[in-house]
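What follows is the residue order along each chain.
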Amino acid sequence: LLAHENIATIYDYGERNGSSFVAMEYLFGKDLQSIMQRAGETGKLMDVELALMVALKICEAMGYAHTVKDPRQHPLNVIHRHLNPGNVFITYEGKVKILNFGILKAHPSTTRARVGVANGTSSYMSPEQLASDDIDHRSDIFSITTLLYEMLSGRRPYSGDMSTLIRKPMALEYIPLETVLPGLQPEVYSIVHTGLAKDRNLRYQSCREMGEALAECLFTAARRPTMQRLKEYIRAQFKVEFEAEKASLFAVAGRWKKSSRPMEFDRHRVGRLLTSESAIVDKPSLHERGT
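Residues numbered from 1 in each chain as written. Predicted model: local features only at pLDDT ≥ 70, side-chain atom pairs only at ≥ 80, totals over all residues. Heavy atoms only, no water.

In this section: the overall build of the protein. Within the protein one finds 12 helices and 7 strands. For the protein, the proportion of its 291 residues judged to be buried stands at 47%. Restricting to contacts in the protein with at least 6 residues of sequence separation, those with at least 24 account for 68%. When the accessible surface of the protein is split by element, carbon and sulfur atoms take 53% of a total near 15,100 Å². (Helix = DSSP H or I, 4+ residues; strand = E, 2+ residues; numbered from the N terminus. Buried < 20%, exposed > 50% of the residue type's maximum accessible area, 1.4 Å probe, protein only. Contact = heavy atoms within 4.5 Å. Areas by Shrake-Rupley, 256 points an atom, 1.4 Å probe, with all protein chains shown as cover.)

In structure tokens, the structure reads:
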């Protein structure tokens, strides 16, 4: 039921030969984890405006997911819980996509996290999720803000072992963004402080509210971000990989085109093709990114 331009489309799911599978749209690009790792290696962090734009796109996707209803107009109460760099994907065309929803359907609109189970990457979890407390959509807002902090500064606000990751968010023990990255608009610092509030009642109360704050910052930015600028940044950071991966895809498409069999879609045939072409296709590009 999730149909949004910033959420990866799921076509099918089920079980085959004893293994579960999800078939989703193929995304040609890199996840945010790879992008930030490369930025750390090259020293070329995203421009502030691009980081704000990516955060805005995540807010738009999650704002939609948090409020989506079923065909009978009943709220689904979707919470991601896994918003970390590995689950945010940016294509080589500059499109932002959210992956791997950990969907919770609960009545009322909160749910209790399972004690002792890390449902996501600890460094990006809200204090209430780390404490296995009742969580709602505002937990995702904390995670989005953590991603924004890292995109801007190149470092996580919270890191360490599990005990540290539980204690620090509770005590708000993180280096303020203005200390790590001085000289930004005051509004940017305000967004980060609000989104990382320990008390969820003091955070933004919806992704729409946070998105409006981000949009206001971008409206006054000296250089407006665009999908074209994000595309150019990603391709410049992964120039060699982009050319190699593009060649791999052309090779697969060429072999498929030469096939004498009809071209109608058949998911089992696609699966066999991708398996048989595993020596050609760059496996990391396919890892959990669909078929």
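Tracing the backbone through its elements, the reader meets Ala65 in helix α2 (residues 48-67). Considering only alpha carbons, one finds Ala65 and Ala3, 62 residues apart in sequence, at a separation of 8.9 Å. The residues contacting Ala65, other than those within four sequence positions of it, are Leu2, Ile7, Val78 and Phe101.

When the pLDDT values of the protein are averaged, the result is 83; 82% of them are 70 or greater. The low-confidence segment residues 113-120, where pLDDT is below 50, has 15 contacts with residues more than four positions distant or belonging to other chains. Note that pLDDT drops below 50 for residues 271-291; the model gives that stretch 37 contacts with residues more than four away or on any other chain. (pLDDT = per-residue confidence, 0-100.)

On the surface, Ile10, Tyr13 and Val22 cluster together into a nonpolar patch covering about 350 Å² of accessible area. The class for Ile10 is partly exposed, based on a relative accessible area of 46%. (Patch = residues over 30% accessible without salt bridge, like charges linked within 9 Å, V, L, I, M, F, W, Y side chains within 5 Å. Salt bridge = Lys/Arg side-chain N within 4 Å of Asp/Glu carboxyl O.)

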